[in-house]
Amino acid sequence: MKALVWHGKEDIRCDTVTDPEIQDPRDAIIKVTSCAICGSDLHLFHNFIPGMMPGDIMGHETMGEVVEVGCGVDSKLKKGDRIVVPFTIICGECDQCKRGNFSVCETTNRKKHLADKVFGHSTAGLFGYTHLTGGYPGGQAEYLRVPFADATHIKVPAGIPDEQLLFLSDIFPTGWQAAVQCDIVPTDTVAIWGCGPVGQMAIRSAILLGANQVIAIDCLPERLSMAEAAGATTINFENESVLERLKELTDGKGPEKCIDCVGMESHVSASWPDTLLDRAKQMVMLESDRPHVLREMIYVCRPGGIISVPGVYSGFSDKLPMGAFMNKGLTMRTGQTHVNRWTDDLLRRIEQGEIDPSFVITHTVPLEQGPEMYQMFRDKRDSCVKVVLKP
């Protein structure tokens, strides 16, 4: 089969690889009908997250048709079922899964010993996302083996296009969880840094959850336009001061809720000396992340407020203002997304027409064009916001 394969830093190729096979009774094989490039895939593209090996198959936003099932899947899946595959691989049986904390499933990370050393405790296995999360082949391919398939799936109905359903795999529940973690009440101002795909979903989620005002912060016109179309007030950080504009929009009090949809690769600018220092430290491996957004959120958030972090961080971040964080009484909530906790509700909202997640798609191309689309997505050329690949 054809698949997008990691060969090293900024080297993704469309290779012919071995077709997946059933390896465990709980496995299923799907024929992929749609997959996507996620912003967090760029962290792997740039080799900022350790644990990738040449030959690893990329991708964790995938859906398709079940073509084979193991004998342990029972009646939960059958050939011909149409499913979205959550990026988190879950057993559905461990203590964390029973609590709904699916992204920290205690069973599915088959490289648990590596994750234990790096994180202290292992997280769930993830598709196409380094050997720290199991080294599972990803879904940017013609076929995908789904481990623990009896639990790791979202059945979806016929009659709704892939494009409306695909993002149940990651970015829609990720944006939703980011907003839910904020405990939004009708008087809240919610400020969201980063208007990429997850940021766009967080904007719409905050609005659906009843925020009084949503403020979206970015510098790319096409992203800011998407945010405005949803009803957000926008700030272009290249043209105006984020700190001063947030003061104006909140009567000097700051936003009650702040969401970081940027993560470890904050924009680098001479206007922000901390970002230059972070980039220099990254280059000599003295720091893994560039947490400018996190610093800024702690500084501007209203005392007693909540900071939600769906943006990916990989290791160590310097110069975090913990004094401000502690003295202002802020709360921070983070984590990879507990996808299956949210998808029943989100699928219902799609079916009822409350939201159509396909608005975020700007490019749809054959799988074979994946390597060049990684570069386009990285460089934000041709107003690229979200790429869908068709095997």
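A quick note: this is a predicted structure, and the numbers were derived from the prediction, not measured. (Residues numbered from 1 in each chain as written. Predicted model: local features only at pLDDT ≥ 70, side-chain atom pairs only at ≥ 80, totals over all residues. Heavy atoms only, no water.)

Tracing the backbone through its elements, the reader meets N236 in strand β13 (residues 233-236). At 2.9 Å, the side chain of N236 and the backbone nitrogen of E238 are in polar contact. Once residues lying within four places of it in the same chain are set aside, the contact partners of N236 are D218, C219 and L224. (Helix = DSSP H or I, 4+ residues; strand = E, 2+ residues; numbered from the N terminus. Polar contact = N/O pair within 3.5 Å; in protein donor to acceptor, adjacent residues only side chain to side chain. Contact = heavy atoms within 4.5 Å.)

Here we take up the pattern of salt bridges. Throughout the structure, instances matching the rule amount to 28 salt bridges. Measuring nitrogen to oxygen at the nearest pair gives 2.8 Å for the salt bridge that ties R295 to D278. Of this pair, R295 sits in helix α10 (residues 292-300) while D278 sits in helix α9 (residues 273-283), and the two are 17 residues apart along the sequence. Note on R295: relative accessible area 11%, which makes it buried. (Salt bridge = Lys/Arg side-chain N within 4 Å of Asp/Glu carboxyl O. Buried < 20%, exposed > 50% of the residue type's maximum accessible area, 1.4 Å probe, protein only.)

So, about the domain arrangement of the chain. Domain boundaries in the chain define domain 1 (2-170 + 337-390) and domain 2 (174-334). For domain 1 versus domain 2, the separation of C-alpha centres amounts to 26 Å. Taking both partners together, domain 1 and domain 2 bury about 2200 Å²; carbon and sulfur atoms supply 69% of that area. Seen at the junction of domain 1 and domain 2, the total is 0 salt bridges. Here domain 1 and domain 2 share 6 residue pairs in polar contact (both at pLDDT 80 or more) between them. Of all the secondary-structure elements, those providing two or more residues to the side of domain 1 that touches domain 2 are α1 (41-45) and α12 (339-351). Counting residues per element, the side of domain 1 that touches domain 2 draws most heavily on α12, which supplies 4 residues. In the side of domain 1 that touches domain 2, the residues fall into 14 nonpolar, 7 polar and 6 charged. (Domains from an automatic or database assignment. Buried area = accessible area lost by both parts, 1.4 Å probe. Nonpolar A, V, L, I, M, F, W, Y, C, P; charged D, E, K, R; others polar.)

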